[in-house]
Amino acid sequence: MSGVWQAMARAPHRFLLSGWPLRCLLYLLGSVVVAVGLLMALIAGILFPPAVVFLGLPVGALERRRLRILDRVPMPSPHPVPKPGLGGWFRSRLGEGATWRELIYVLALASVLLLVDLVSLGLLVDCLIVAAAPVFVQAGVPFQFGDLVVDTRGEALAATAFAVPATAVGLYALSAVAATQAAFARWLLAPRDAELNRRVEELSQSQKRLVDAFEAERRRIERDLHDGAQQHLVLLAMTLGLARLEVGDGKAAHLLEDAQRQARQALASIRELIHGIHPQVLTDLGLPAAVGELAERCQVPVVIDLPLDRRLPAAVETTAYFVVCEALTNAVRHAGASRITVSGRITRYVLTLTVTDDGRGGADPATGTGLRGLADRTAVMDGTFTVTSPAGGPTTLRVDLPCGLT
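Sequence positions are assigned chain by chain, starting from 1 and proceeding in written order. This being a predicted model, a pLDDT of at least 70 is required before a residue's local features are given, and a value of 80 or more before pairs of side-chain atoms are given or counted; all residues contribute to the totals for chains, interfaces and linings. Computation of side-chain values: all heavy atoms of the structure, hydrogens and water removed.

## Considering the pattern of salt bridges
Logical step 1: Salt bridges are identified by distance alone: a Lys or Arg side-chain nitrogen within 4 Å of an Asp or Glu carboxyl oxygen. All told, the structure shown has seven salt bridges when counted by the stated rule.
Logical step 2: Between Arg-64 and Glu-102 there is a salt bridge, and its shortest N-O distance comes to 3.1 Å. Residue Arg-64 is located in helix α4 (residues 56-66), and its partner Glu-102 is located in helix α6 (residues 97-131); the two are separated by 38 residues in the primary sequence. Here Arg-64 and Glu-102 have matching classes, each one buried.
Logical step 3: The salt bridge partner of Asp-305 is Arg-345, with a shortest N-O separation of 2.8 Å. Here Arg-345 lies in strand β4 (residues 340-347) and Asp-305 lies in strand β3 (residues 302-305), a separation of 40 residues in the sequence.
Logical step 4: The exposure class of Asp-305 is partly exposed, given its relative accessible area of 32%.
Logical step 5: Arg-345 sits in the partly exposed class, given a relative accessible area of 38%. Going along the chain from the N terminus, every DSSP run of H or I of four or more residues is numbered as a helix, and every run of E of two or more is numbered as a strand. Only protein chains enter the accessibility calculation, which uses a 1.4 Å probe; a residue is then buried when its area is under 20% of its type maximum, exposed when over 50%, and partly exposed in between.

Shown next, in the form of structure tokens:
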């Protein structure tokens, strides 16, 4: 891994005192444990060969997590979401290059890599045993290493003098082996560019489905409020008015009049709520008409320059509308603006919408939930949201939204 190599190159004299040798040792020990288990599974899998094909799936997931020992950057899975059903899962996995790369890694880990790891760890253990020769001699136990017999203190110290630098070299070599093996694992188990592009495309499609579902649910709530609660309140206000006429003057008439007034207030609140969820004029006439209605209701003059000659996708119109709505609200309530300009153009299938006011400026998306919400809403549509608001003004909000028009 690049982290191990960089640590060796940056400070080779301090490498052995860092945590890298221990991390490399733990990585190789874990590789041996996994490889031995895989070897047993492969031997057992001879009786059921189809199981061997999918053995790389859990091993790949485990190895991507184990790589965090040497590289703290997480590695994403190369596998996309499979097709529904058991058959769809099998077809998806068998058709992926990642499944076969993971199988190649399993075979390599259970054979060549296991042998290399055992040799590397064995040599390091031998060096440590030789370095401990004085301990054996001091305990009165003759130390024998192969054909070499060490039974005196001088011979033991000589063996230690040879084994200590050999152990240091062994730790460097073991770390290099671990780094090389981890790089090989990352090369096989990391997603390819095509797989990452496919994942991005799937996420984009999923995001679009979520946006569409959110818009559909919002319109359903608007319709239920319009056709349900609003109509009941209208009938309630009419019934209270008729009841007040029937009872004539008196205390009951005053109570009915007060109840009718509260019903009208509730009806006005419901209408404002419906308009805030999704104004009907936006659905019927499009963005320019909806922005014009906002301008008529605004407390300061609004100049509109929005020459759109066609309807935009519903999600784009909704996002643009709420950007203008929030911008007008901020300009009136917080900026003290006396004039606002709303302009928009479609260029190369991208709607560019700007809202400029002559207020006091100083708007910052990082400190306001309204502007931050607009930035999030725009990001969901794969658009960009920028705010230019120097102290003293003017403030300009700009939104670029892909329209998907062809």
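## Re the side chain of Glu-317
Logical step 1: Position of Glu-317 relative to the elements: it lies in helix α13 (residues 314-333).
Logical step 2: Ignoring anything within four residues of it in the chain, the contact list for Glu-317 reads Leu-282, Gly-286, Leu-287, Arg-311 and Leu-312. Contact criterion: two residues are considered in contact whenever any of their non-hydrogen atoms come within 4.5 Å of each other.

## Let's talk about the packing of α6 against helix α8 (residues 153-189)
Logical step 1: Relative to each other, α6 and α8 sit at 170 degrees, their axes nearing to 8 Å. The pairing of α6 with α8 is recorded here as roughly antiparallel in orientation.
Logical step 2: Taken together, the residues of the contact of α6 with α8 sort by class into 22 nonpolar, five polar and three charged. Geometry is summarised by axes, namely lines fitted to C-alpha atoms with helices restricted to the contacting stretch, and by angles between N-to-C directions that run from 0 to 180 degrees. Just so you know how the angles are binned, under 35 degrees is roughly parallel, over 145 roughly antiparallel, 65 to 115 roughly perpendicular, and the rest oblique. For this classification, the nonpolar set comprises Ala, Val, Leu, Ile, Met, Phe, Trp, Tyr, Cys and Pro, the charged set comprises Asp, Glu, Lys and Arg, and every other residue, Gly included, is treated as polar.

## Remarks on the packing of α4 against α6
Logical step 1: Contact pair α4 / α6: the axes reach a minimum separation of 8 Å and the direction vectors enclose 80 degrees. Accordingly, the angle class assigned to the pair α4 and α6 is roughly perpendicular. Side by side, α4 and α6 meet where Gly-56, Leu-57, Val-59, Gly-60, Glu-63 and Arg-64 of the first sit next to Thr-99, Glu-102, Leu-103, Tyr-105, Val-106 and Leu-109 of the second.
Logical step 2: When the residues that make up the contact of α4 with α6 are grouped by side-chain class, the tally is six nonpolar, three polar and three charged.

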